[in-house]
Amino acid sequence: GNSVTQMEGPVTLSEEAFLTINCTYTATGYPSLFWYVQYPGEGLQLLLKATKADDKGSNKGFEATYRKETTSFHLEKGSVQVSDSAVYFCALSDLGGSEKLVFGKGTKLTVNP
Amino acid sequence: NAGVTQTPKFRILKIGQSMTLQCTQDMNHNYMYWYRQDPGMGLKLIYYSVGAGITDKGEVPNGYNVSRSTTEDFPLRLELAAPSQTSVYFCASSPDRGGYEQYFGPGTRLTVT
């Protein structure tokens, strides 16, 4: 079945550091790929997405590129801020008709001033 | 435009009790989902619906039931609550298939003791 594996956390960085959170997937066909972010005490919000190979999703300084050859969708940001502290989830959409999301386990990021 | 709303925010149940978690969306989305989030485990799909009158099981449906009588509402019923159902529950909706994002509610934190 479809699955998502993402980098184990927690990750602790200083402000303005470079961020990479690795995400790889297993799926039949060509699913859409997503990064969601969850701030403390809140629900999940879409951060960015890509719907086909070589697409780059970007938002709020975060980027991720859909790499079919390596089945990866790594999240990057060049300079993190304290306000980026949250849990980040990589996910793919099931192509069986339900469009349900299959999530990775999440990576907690803490950014210190 | 409230998006996806969930009630209650918090609830403590005794073993064997029953309750209904409410979910309403005002975006006229056809697709709706219930997930549970356990610490360090990401989100798991409980049930989903692709339109009013149509529901189907996800990965972890045991101990739960759903109904979808209207486009807006998708309640989740817990019968005979068990400690294993202690979790945070998220409702989500999506407008269509094909890589559209899911919109999440703020969650319900349930404790069964």
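About the cut-offs
- Residues numbered from 1 in each chain as written.
- Chains lettered and ligands numbered in written order.
- Predicted model: local features only at pLDDT ≥ 70, side-chain atom pairs only at ≥ 80, totals over all residues.
- Heavy atoms only, no water.
- Contact = heavy atoms within 4.5 Å.
- Buried area = accessible area lost by both parts, 1.4 Å probe.
- Salt bridge = Lys/Arg side-chain N within 4 Å of Asp/Glu carboxyl O.
- Polar contact = N/O pair within 3.5 Å; in protein donor to acceptor, adjacent residues only side chain to side chain.
- Helix = DSSP H or I, 4+ residues; strand = E, 2+ residues; numbered from the N terminus.
- Nonpolar A, V, L, I, M, F, W, Y, C, P; charged D, E, K, R; others polar.
- Phe/Tyr/Trp six-rings, centres within 6.5 Å; stacked < 30°, edge-to-face > 60°.
- Buried < 20%, exposed > 50% of the residue type's maximum accessible area, 1.4 Å probe, protein only.
- Lys NZ or Arg CZ within 6 Å of the ring centre and 35° of its normal.

J.: Would you mind showing me how to read the interface of chain A and chain B here?
T.: The figure often quoted for interface size is the accessible area lost as the parts come together. Listed as interface residues are 20 residues of chain A and, on the opposing side, 22 residues of chain B. At the boundary of chain A with chain B, total buried surface from both sides reaches about 1700 Å², with 57% on carbon and sulfur atoms. Where chain A packs against chain B, one counts zero salt bridges. Connecting chain A to chain B are three residue pairs in polar contact (both at pLDDT 80 or more). For the side of chain A that touches chain B, the elements supplying multiple residues, two or more each, are β5 (33–38), β6 (44–50) and β11 (101–103) of chain A. A breakdown of the residues in the side of chain A that touches chain B according to their chemical character gives eight nonpolar, seven polar and five charged.

J.: Honestly, the packing of aromatic side chains in this entry has me stumped. Any pointers?
T.: For any two aromatic rings, the description comes down to two numbers: the centre-to-centre distance and the angle of the planes. Counting across every chain of the model gives 11 aromatic pairs over all chains. Taken together, a centroid distance of 5.6 Å and an interplanar angle of 40° make the contact between F62(A) and Y88(A) tilted. Placement of the pair is F62(A) in strand β8 (residues 62–65) and Y88(A) in strand β10 (residues 86–93), with a sequence separation of 26 residues. The same class applies to F62(A) and to Y88(A), which are both buried. The structure contains a cluster of three or more aromatic residues connected by ring pairs, namely F34(A), Y36(A), F89(A), F103(A), Y33(B), Y35(B) and F104(B). The aromatic ring of Y100(B) is capped on one face by K49(A), whose charged end is 5.8 Å from the ring centroid. Looking at R68(B), its charged tip hangs above the ring of F74(B), at a distance of 6.0 Å from the centre.

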